[in-house]
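# Working through the structure, step by step
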Amino acid sequence: MLLIECPYCGPRDETEYHYGGEAHVPYPEDPSELSDREWAEYLFYRNNPKGLLKERWAHTVGCRRWFNVVRDTATYEITAVYRMGENAPEQEPGGTR
């Protein structure tokens, strides 16, 4: 069982959460101006680094709030959790440790 630390509720089982994709990916200024290819790339193409990655998670079974996680994609280890709107902790995403 993996525990994820919700910044609002405390540690809970990973089954209470929903993955929301990579964090800090800017939304297009005017999506209607994007071609179908550009829109598809925004929606479906993601970085897939081996190492630290900043991600969005939602506590769907608990407080239902979104927050950010820094997770090592190779080990699944969560190294930091922070609320939406807060600055990410000083870590180097996308590289192995």
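Our structure is the block above this text.
Residues numbered from 1 in each chain as written. Predicted model: local features only at pLDDT ≥ 70, side-chain atom pairs only at ≥ 80, totals over all residues. Heavy atoms only, no water.

For the rest of this paragraph, the subject is the pattern of salt bridges. A pair can form between side chains of opposite charge whenever their charged atoms are brought close. The tally for this structure, following the rule as stated, stands at two salt bridges. Its salt-bridge partner being Arg-37, residue Glu-41 comes within 3.1 Å of it at the nearest N-O pair. Here the residue Glu-41 and the residue Arg-37 both occupy positions in helix α1 (residues 36-44), the gap between them amounting to four residues, near one helical turn. Of the charged contacts in the structure, one is a salt bridge between Glu-55 and Arg-71, with a shortest N-O distance of 2.6 Å. Of the two residues, Glu-55 sits in strand β4 (residues 52-58) while Arg-71 sits in strand β5 (residues 66-72), which places them 16 residues apart along the sequence. Among the residues examined, Arg-71 registers a relative accessible area of 11% and is labelled buried. (Salt bridge = Lys/Arg side-chain N within 4 Å of Asp/Glu carboxyl O. Helix = DSSP H or I, 4+ residues; strand = E, 2+ residues; numbered from the N terminus. Buried < 20%, exposed > 50% of the residue type's maximum accessible area, 1.4 Å probe, protein only.)

Let us now look at the sheet that holds strand β6 (residues 78-83). Across the sheet, which stays open at both edges, the four strands sit in the order β3-β4-β5-β6 with antiparallel pairing between neighbours. Of all strands in the sheet, those bounded by a partner on one side alone are β3 (18-22) and β6. Here the average twist between neighbouring strands, direction ignored, is 30°. (Pairing = 2+ DSSP bridges. Axes fitted to C-alpha atoms, helices over the stretch in contact; angles between N-to-C directions.)

Tracing the chain through its elements places Glu-16 in the loop between β2 (10-13) and β3. Buried and unpaired, Glu-16 has no salt bridge, with Arg-12 as the nearest side chain of opposite charge at 4.2 Å. Not counting chain neighbours up to four residues away, the residues in contact with Glu-16 comprise Ala-58, His-59, Thr-60, Val-61 and Gly-62. (Lys, Arg positive; Asp, Glu negative; His and termini not counted. Contact = heavy atoms within 4.5 Å.)

This part covers unusual backbone geometry. A negative phi angle is the norm for most residues apart from glycine, just as the trans form is the norm for most peptide bonds. With phi around 65°, His-24 is a residue other than glycine that occupies positive phi space. Examined against the element boundaries, His-24 turns out to sit in the loop between β3 and α1. We note that Tyr-76 has phi near 70°; this positive angle belongs to a residue other than glycine. In this fold, Tyr-76 is placed in the loop between β5 and β6.

Now for the nonpolar core. Counting six residues, the largest nonpolar core is built from Ile-4, Cys-6, Tyr-17, Trp-57, Phe-67 and Val-69. Counting only elements with at least two residues in this core, the list comes to β1 (3-6) and β5. Non-local contacts of Ile-4, meaning those with residues more than four positions away in its chain, are made with Gly-10, Pro-11, Arg-12, Glu-14, Tyr-17, Trp-57, Phe-67 and Ile-78. (Core = buried A, V, L, I, M, F, W, Y, C linked by side-chain atoms within 4.5 Å.)

Let's shift gears to the state of the cysteines. Scanning all chains against the criterion turns up zero disulfides. Free cysteine Cys-9: the closest other cysteine sulfur is in Cys-63, separated by 3.6 Å. Judged by its relative accessible area of 27%, Cys-63 is partly exposed. (Disulfide = S-S within 2.5 Å.)

Keep in mind that these numbers describe shape and distance, not what the molecule does.
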